[in-house]
Amino acid sequence: MRIRFFAILPVLYVIAQAGFAAPPKACVPPDAASKLTKKEVCVDVHVYDVVELPDGTRFLDVCAPDTPDDQCRFTIVSLREDREEVGELAKYRDADVHVRGIVQPMHGRNGMVLSHMRQFYGGPPKFKPNPKLLRGFSGDQATPPIADPNLRSQGGHRAFMNTSNQEARPK
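Cut-off values and rules
- Residues numbered from 1 in each chain as written.
- Predicted model: local features only at pLDDT ≥ 70, side-chain atom pairs only at ≥ 80, totals over all residues.
- Heavy atoms only, no water.
- Buried < 20%, exposed > 50% of the residue type's maximum accessible area, 1.4 Å probe, protein only.
- Helix = DSSP H or I, 4+ residues; strand = E, 2+ residues; numbered from the N terminus.
- Pairing = 2+ DSSP bridges.
- 1 Å grid on protein atoms, 1.4 Å probe; cavity = no way out; pocket = protein on both sides within 12 Å on 5 of 7 lines; lining within 4 Å.
- Points joined across faces, edges and corners; volume = space filled by probe spheres on them.
- Nonpolar A, V, L, I, M, F, W, Y, C, P; charged D, E, K, R; others polar.
- Phe/Tyr/Trp six-rings, centres within 6.5 Å; stacked < 30°, edge-to-face > 60°.
- Core = buried A, V, L, I, M, F, W, Y, C linked by side-chain atoms within 4.5 Å.

## Digging into the pairing of strand 6 (residues 109-113)
Moving on, step 1. Within strand 6, four of the five residues are buried, which leaves the element mostly enclosed by the surrounding structure.
Moving on, step 2. Alignment of strand 4 (residues 74-78) against strand 6, held across four bridges, turns out to be parallel. Note that in strand 6 the partner of Val77 across the bridge is Val113.
Moving on, step 3. When strand 5 (residues 95-106) meets strand 6, the two strands line up antiparallel, connected through four bridges. Residue pairing across strands places Pro105 opposite Asn110, the latter belonging to strand 6.

## Quick word on the layout of surface pockets
Take a probe with the size of a water molecule and roll it over the atoms, and the empty space left behind shows itself.
Moving on, step 1. The calculated volume of the largest pocket comes to roughly 190 Å³.
Moving on, step 2. Around the largest pocket, the lining comprises 16 residues; the ones closest to its centre are Asp61, Cys63, Asp69, Cys72 and Arg109.
Moving on, step 3. Among the elements of the structure, strand 3 (58-61) and strand 4 are those that each provide at least two residues to the lining of the largest pocket.
Moving on, step 4. Of the residues belonging to the lining of the largest pocket, the class tally is eleven nonpolar, two polar and three charged.

## Section: the packing of aromatic side chains
Moving on, step 1. As enumerated under the stated definition, the model contains one aromatic pair in all.
Moving on, step 2. An angle of 20 degrees between the planes, with centres 4.1 Å apart, marks the rings of Tyr92 and Phe120 as stacked. With Tyr92 in the loop between helix 3 (83-86) and strand 5 and Phe120 in the segment after strand 6, the pair connects residues that are 28 residues apart, well separated along the chain.
Moving on, step 3. A residue is classified by how much of its surface remains accessible, and Tyr92, at 10% relative accessible area, is buried.

## What about the nonpolar core?
Moving on, step 1. Core analysis: the biggest nonpolar cluster contains 20 residues, and Leu60, Phe74, Ile76, Leu89, Met112, Leu114 and Phe120 have the highest contact counts within it.
Moving on, step 2. Among the elements of the structure, strand 1 (40-47), strand 4 and strand 5 are those that each provide at least two residues to this core.
Moving on, step 3. Of the residues forming this core, the biggest block, four residues, is contributed by strand 1.

## Describing unusual backbone geometry
Moving on, step 1. For Lys38, which is not glycine, the phi torsion reads 65 degrees and is therefore positive.
Moving on, step 2. As for its position among the elements, Lys38 is in the loop between helix 2 (30-33) and strand 1.
Moving on, step 3. Classification of Lys38 as exposed rests on a relative accessible area of 67%.
Moving on, step 4. The backbone phi angle of Asp94 is positive, close to 60 degrees, even though this residue is not glycine.
Moving on, step 5. Among the secondary structure elements, Asp94 is positioned in the loop between helix 3 and strand 5.
Moving on, step 6. Residue Asp94 is classed as exposed on the basis of its relative accessible area of 56%.

In structure tokens:
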């Protein structure tokens, strides 16, 4: 009886996981993604062209060639400092891709920043720390970047048992 129970246990575990697991979110087209500002979404796009500016910024052109630029409401941008993590984008020209990221307003249209190759495979964007929080912080400094009273020695100059405040001992 016990052997049958332990044989059935892995099957019950798989059924329970399948029942409680949330279904993966489907990718949305660029038109729907442009309405989801400040949300993390997966976008299903066709890349018509890869455009590179002189400063190294690259754009994935996801609007059809017959669409005027002012009618194109969504773009995918890869910055120069992310080139090493993103890799070569020319291989995505004339291809259907899925890109996961946070939709942000960009110069009158919405778009997504492509900062890491894993975004093509459902992974998150590269973590970029807030520069305002990094002010005054260096990994090799001995003192903390903030003046936390809990990190100071309590008492400092104590009056109790202070050598300069001692009474004369009786002889």
